[in-house]
Each structure stands twice: as structure tokens, then as C-alpha cells.
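If you want the building blocks of each chain, they are given just below.
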Amino acid sequence: MAFENINRRDHLKWMGAAGLSAAGLPALGQTSSWPEKAVRWIVPFAPGGTSSIVARSIGAELTKQLGVPFVIDNKGGGGGVPAMQEAMRAPADGYTIVMSHIGLMAVNPLIYPDSGYDVNKDFTSVTLLSRVPSLFVVHKDVPVKDFKSFVAYVKSKPGQLNYASAGNASAGHLAVEALKVATGMFITHIPYRGTGPALNDVLAGRIEFMSAGTPALLPHIKSGALRCIAVGTTQRIPVLPDVPTVAELGYKDFETVQWYGITVRNGTPVEIINKLQQECAKTMKSPEVIKRNEAESAIPGGGTPAEYAAFIAREQARWKTVVERAQIKPS
């Protein structure tokens, strides 16, 4: 319920029931002044991954534009469910926002039906921020030269090799499960609490394989610590022009990209949602964000809440098939 649609007595009664003070909420009818204090941005993964990198980049620009801090709050673990539950406990006032992504919005509703919230009823879309290419990488010491030899290598050692991900239902988890369905190979999933911890074990050679976005993996590909054997986009990407797509290697129509956006509690005033979307659209034109997107072959977002909601609906339908075929279950 938007704050401007309740009277003052009910407003004070609601605050008392929630254990909140008037100082912790915007004044009635004052949504046009948002934001007047720091905005908490919940990122449902540990630091070091693509979600954090995107949030910090956009958050820095929003801080400059709006004059208040956008504070990144990493809440890893549980497939993002605890982070969303925490967001549900925050007031719907625009001062707590969530970094939403494929796992939270398209997959968790299928594998965590008893999470205590419904992403389509309890949350509202604000804007898509970025679509980031999914990369498939191996540790430099894995004895394969390319994607074809990797698939053969995994099939020769069924169940003996592992892949790391940022957690159950993370983009990297889903990308590899889709790849397993397409290729028929079997490799064991080792979930972590974020891309950062997962990447550390891959770099150390304790895990052979993983998929993540360009922001997290490119530096290690360039250093030679990791070898990129394929990309999940439908076309080759400018930053890795010699790396083939999975689709061109014989797996027709294969596509997987990571995507990130902003979601808020349902009931957040429309004026705040629209203002946040418009400010995010401005960040897409900043030299820093343009430079980062080009360096990572990322596709910028910035569209309307309705466009983001429609995008999520399409992703929910598409990934339902993968979840069912791969039999993805809660970790």
C-alpha cells in the first residue's frame, strides 16, 4: 500500500505494529523528495561477483546523481532467498532495493515454493540494468584445448569432475545445467555463497570448471589463469572474438546470458519507482558505465518497469523447461 493512500492515524498505527518510528519513514505525501537519506541496495551474493560489480558501478553513478549514498549490502547464501526475505521485512519506501537476476526472479519460484514470498505479487520491477555474456571457463591446467575436447574429457570421467557456481539457482549454476542438458555430459555442481568464493577455488585449481559473467572472469582470462572455451551468447563477443559460441559448435539455439536489474517491495510509491528508473537510465549514458559495458561486452538496460516485468515473464517461461529437464532442486 502506498503511504499517500492511508490516513495519518492508520499510518501511526501501522508504524507501531511494525516497531518503527516516524523518523524511519518518509513523511506522507513527500515521495517527490525521495531520496533524502542513504538507499540500501541488497545484493544476494557475496562480494566479488558480477552482481556486486554491476551494483557498485551503477550505485556510484546514482550516488553522484542523487546526492545520497547507495550502499551495497551483500547478503549471500540460500540461493538468494534469505536476501529476499530480508527485503520483505523492510518498509516499501524506496530506501531498500534489491539486485534482481535470473535466479531470484525466474528460477527460485520453481524450486523454493515455500520461501514465504511471491516474486510476482510481493515485488515490483523497476528496470533492467545489464545483460552480461555468460562465459564457460576451465582452470589453465585442465588438459583440454577447446570446448569439444572439454565435453569429451568430461564424458570420459563421468561424475569425477566438478564445477563451481555462485550458489544454487545462480546464473552460473543455470548456465552449466543448460549446457549439461544440451551436451549430455555429467559434471558435479559445487555451490558457493557467491562468485568470489567460487572463483577463488577455480583459480586455485581445486575446481575444474565454472560459468560466470565477463566482469568477474575477464581479468583472469587475460592473465592466463583461466581458459575460456565458449560463450553463451548467440553471437561472438567483441572482447573475446576468437572464442566460439556454444550454438556455433553444434548446439543449435543454445543461449544463456546473465542479467541484472532492480526490484523493490510491492507497494513502493509509483513516483519513487519511476524516479529510480529514470535515474538508472541516466547512468547508462555516463562515460564510466559506457566504458565498463564496452570493456565487458555487456548490453546496457535502462528500460521502463513494464519492459522489465515483461522481460522477467519471458525468462520465467524459458527457464522453467531447463529447471524441469535438469531436475534442479534446492541445495
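You'll find the structure just up there.
Residue numbering note: each chain is counted from 1, following its sequence as written. Only residues with pLDDT of 70 or above have their local features reported here, since the model is predicted, and side-chain atom pairs are shown and tallied only from 80 upward, although totals for entire chains, interfaces and linings are computed over all residues. The side-chain numbers reported here are obtained from all heavy atoms of the structure, hydrogens and water having been left aside.

As a further point, take the overall build of the protein chain. The way it works is that DSSP assigns letters per residue, a run of H or I at least four long becomes a helix, a run of E at least two long becomes a strand, and they are numbered from the N terminus. Across its full length, the protein chain carries 11 helices and 10 strands. It is over C-alpha atoms that the radius of gyration is taken, and the globule rule equals 2.2 Å times the number of residues to the power 0.38. For 331 residues, the compact-globule estimate of 2.2 N^0.38 gives 20 Å, and the protein chain sits close to it at 21 Å. Principal axes of the C-alpha set define a box for the protein chain whose edges measure 70 × 45 × 35 Å. Any residue under 20% of the maximum accessible area for its type is buried, any over 50% is exposed, and the rest in between are partly exposed; the area is computed with a 1.4 Å probe on protein chains only. Relative to its 331 residues, the protein chain shows a buried fraction of 56%. Total accessible area on the protein chain is roughly 14200 Å²; 52% of this is exposed by carbon and sulfur atoms. Both charge centroids of the protein chain, one from 34 positive and one from 27 negative side chains, sit 3 Å from each other. Accessible surface is estimated by sampling points in the Shrake-Rupley manner with a 1.4 Å probe; for residues, cover comes only from the protein chains shown. Charge convention: Lys and Arg are scored as positive, Asp and Glu as negative, and His as well as the terminal groups of each chain are ignored. Charged groups are reduced to one reference atom each: NZ for lysine, CZ for arginine, CG for aspartic acid, CD for glutamic acid.

The next subject is the packing of aromatic side chains. The description of an aromatic ring pair rests on the distance of the ring centres and on the angle between the ring planes. To pair, rings of Phe, Tyr and Trp, with the six-membered ring standing in for Trp, must have centres within 6.5 Å; the planes then decide the type, stacked if under 30 degrees apart, edge-to-face if over 60, and tilted in the middle. As enumerated under the stated definition, the model contains eight aromatic pairs in all. When the ring of F147 is compared with that of Y251, the centres are 6.0 Å apart and the planes differ by 80 degrees; the resulting orientation is edge-to-face. Remark: Y251 occurs in the loop between β8 (226-231) and β9 (257-265) and F147 occurs in helix α5 (residues 147-156); sequence separation between them is 104 residues. A centroid spacing of 5.1 Å and a plane angle of 85 degrees characterise the contact between W259 and F311, whose relative ring orientation is edge-to-face. Taken together, the positions of W259 in strand β9 and F311 in helix α11 (residues 305-326) put the pair 52 residues apart, joining distant regions of the chain. Each of the two residues, W259 as well as F311, counts as buried. Counting every residue linked through ring pairs, the aromatic cluster contains F136, F150, F209 and F254. The aromatic ring of Y95 is capped on one face by K37, whose charged end is 4.8 Å from the ring centroid. Charge over a ring is defined by NZ of Lys or CZ of Arg lying within 6 Å of the ring centre and within 35 degrees of the ring normal.

Here we come to the pairing of strand β2 (residues 70-74). With four of five residues buried, β2 is to be regarded as a mostly interior element. Two strands are counted as paired when DSSP detects at least two bridges linking them. The pairing of strand β1 (residues 39-43) with β2 spans five bridges and is classified as parallel. By the bridge assignment, V39 is partnered in β2 with F70. By definition, the crossover connecting two strands over a helix is right-handed if that path, from the first strand to the second, turns clockwise as seen with the strands pointing away from the viewer. Regarding the hand of the β-α-β motif, the stretch spanning β1, helix α2 (residues 50-66) and β2 is right-handed.

Joining through side-chain atoms within 4.5 Å is the link that ties buried Ala, Val, Leu, Ile, Met, Phe, Trp, Tyr and Cys residues into a set, and such a set is a nonpolar core. If you look at the biggest cluster of nonpolar residues, it comprises 51 residues, and the most contacted ones within it are F136, F150 and F209. Going through the elements one at a time, α3 (81-89), α4 (102-111), β4 (123-139), α5, α6 (171-183), β8 and α11 are the ones with two or more residues in this core. Residues are treated as being in contact if the distance between any of their heavy atoms lies within 4.5 Å. Those residues in contact with F209, other than ones at most four positions away along the chain, are F136, V137, V138, F150, N162, Y163, A164, V176, L179, I187, V202 and I229. Membership of the second largest hydrophobic core comes to 28 residues, among which are V39, V43, I272 and M284.

Here we come to the environment of P269. Its place among the elements puts P269 in the loop between β9 and α9 (270-283). Under the relative-accessibility criterion, P269 is labelled buried at 1%. Separated by 176 residues in the primary sequence, P269 and D93 have C-alpha atoms spaced 7.0 Å apart.

For the rest of this paragraph, the subject is the pattern of salt bridges. Only one rule defines a salt bridge in this text: a Lys or Arg side-chain nitrogen within 4 Å of an Asp or Glu carboxyl oxygen. A complete count under the given rule lists 12 salt bridges for this structure. Of the charged contacts in the structure, one is a salt bridge between R40 and E86, with a shortest N-O distance of 2.1 Å. One end of the pair, R40, is in strand β1; the other, E86, is in helix α3, with 46 residues separating them in the sequence. Accessibility expressed as a relative area gives 23% for R40, which makes it partly exposed. Salt-bridge contacts for K64 lead to E61; the nearest nitrogen and oxygen are separated by 3.1 Å. One end of the pair is K64 and the other is E61, both in helix α2 and three residues apart, which spans about a single turn. One continuous salt-bridge network, built from bridges that share partners, spans R40, D73, K75 and E86.

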